[in-house]
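Observations on the three-dimensional arrangement
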Amino acid sequence: MQEPGGPMLVEGPVEVVQENGHIARSDRPVVALCTCRRSLIFPWCDTSHRGRRKRPKAPPPASERHTD
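As a starting point, this report considers the structure included with it. (Residues numbered from 1 in each chain as written. Predicted model: local features only at pLDDT ≥ 70, side-chain atom pairs only at ≥ 80, totals over all residues. Heavy atoms only, no water.)

**Looking at the pattern of salt bridges**
- All told, the structure shown has one salt bridge when counted by the stated rule.
- With its nearest N and O atoms 2.9 Å apart, the salt bridge here joins E15 to R25. With E15 in strand β2 (residues 14–17) and R25 in strand β3 (residues 23–26), this pair connects stretches of sequence that are ten residues apart.
- E15 sits in the exposed class, given a relative accessible area of 54%. (Salt bridge = Lys/Arg side-chain N within 4 Å of Asp/Glu carboxyl O. Helix = DSSP H or I, 4+ residues; strand = E, 2+ residues; numbered from the N terminus. Buried < 20%, exposed > 50% of the residue type's maximum accessible area, 1.4 Å probe, protein only.)

Shown next, in the form of structure tokens:
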């Protein structure tokens, strides 16, 4: 199963034809393909997606909270 924003695992060997026509090859038994396009070694995943998750906003201070 693929984690949203994470890599897609594919059984190898793999050839990926990129938009510019370049063919990326891997003979590894399983490869992680980048789906977020943040990887420095695209099309392979380098886990760049992990460090760029948005953090939830902190709740406003009690003095600014609305109470009904």
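**Details of the nonpolar core**
- If you look at the biggest cluster of nonpolar residues, it comprises six residues: V14, V16, A24, V31, L33 and W44.
- Among residues more than four places away in sequence, those in contact with W44 are V14, V16, A24, R25, S26, V31, A32, L33, C34 and S39. (Core = buried A, V, L, I, M, F, W, Y, C linked by side-chain atoms within 4.5 Å. Contact = heavy atoms within 4.5 Å.)

**Description of the side chain of S26**
- Looking at the element boundaries, S26 is found in strand β3.
- A relative accessible area of 9% places S26 in the buried class.
- Filtering out sequence-adjacent residues up to four positions away, S26 remains in contact with P13, V14, V31 and W44.

**A few points about the side chain of Q18**
- Looking at the secondary structure, you find Q18 in the loop between β2 and β3.
- Setting aside residues no more than four positions away along its own chain, Q18 makes contact with A24, F42 and P43.

**Digging into the state of the cysteines**
- By the definition in use, this model includes zero disulfides.
- In this structure C36 is a free cysteine whose sulfur lies 3.8 Å from that of C34, the closest cysteine sulfur available.
- Given the relative accessible area of 22%, C36 is considered partly exposed.
- Not part of a disulfide, C45 finds its nearest cysteine sulfur in C34, a span of 5.7 Å. (Disulfide = S-S within 2.5 Å.)

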